[in-house]
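What the coordinates show
Spelled out from the first residue to the last, the chains are:
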Amino acid sequence: MLNVLYFARLRDALGVAQEDIPEGAATVRELVAQLVARGGVWAEELGGARVFRVAINQDMAQLDDAIPANAEIAIFPPVTGG
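Computed from a predicted model, the values in this text were never measured in an experiment.

Turning our attention to the environment of Ala 8. Within the secondary structure, Ala 8 is located in helix 1 (residues 8-14). The sequence separation of Ala 8 and Leu 35 amounts to 27 residues, and the corresponding C-alpha distance is 17 Å.

As structure tokens, this is what we get:
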């Protein structure tokens with residue numbers, strides 16, 4: 001299982017903070033495509049022009065990065081600070 005965490009605006013828009021998803025996506029891109037395929041707000045937030053970041057096991061990840069077994073995947077909007 002993948003433990004997927006959603007933060008900030010994504011948590012609010014999607015109505016979920018965390019979910020377990022059966023493994024099957026080999027890369028971040030495949031996982032995002034699987035989530036976008038849910039349609040509705042999922043497609044709006046993760047499939048369009050909205051910007052978001054992904055971390056695998058608390059390390060920043062790119063769309064083509066492989067997802068290891070039993071990974072924690074965090075999906076969140078960009079963060080700025082100062």
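After presenting the structure, the write-up continues.
We describe a pair of aromatic rings using the distance from one ring centre to the other and the angle between the two ring planes. Enumeration according to the criterion identifies one aromatic pair in this entry. Geometrically, the ring pair formed by Tyr 6 and Trp 42 is edge-to-face, given 5.6 Å between the ring centres and 75° between the ring planes. Here Tyr 6 is found in strand 1 (residues 2-6), whereas its partner Trp 42 is found in helix 3 (residues 40-47), with 36 residues between them in sequence. Each member of the pair, Tyr 6 together with Trp 42, is buried. One residue, Arg 38, lies across the ring of Trp 42, its end atom 4.4 Å from the ring centre.

Strand 1 sits mainly inside the fold: four of its five residues count as buried. Summarising the sheet, strand 1 and strand 2 (residues 18-21) pair through four bridges and their orientation is antiparallel. Bridging across to strand 2, Leu 5 finds its partner in Gln 18. Pairing analysis gives four bridges linking strand 1 to strand 5 (residues 72-76), with the strands arranged parallel.

The rules behind the values
- Residues numbered from 1 in each chain as written.
- Predicted model: local features only at pLDDT ≥ 70, side-chain atom pairs only at ≥ 80, totals over all residues.
- Heavy atoms only, no water.
- Helix = DSSP H or I, 4+ residues; strand = E, 2+ residues; numbered from the N terminus.
- Phe/Tyr/Trp six-rings, centres within 6.5 Å; stacked < 30°, edge-to-face > 60°.
- Buried < 20%, exposed > 50% of the residue type's maximum accessible area, 1.4 Å probe, protein only.
- Lys NZ or Arg CZ within 6 Å of the ring centre and 35° of its normal.
- Pairing = 2+ DSSP bridges.

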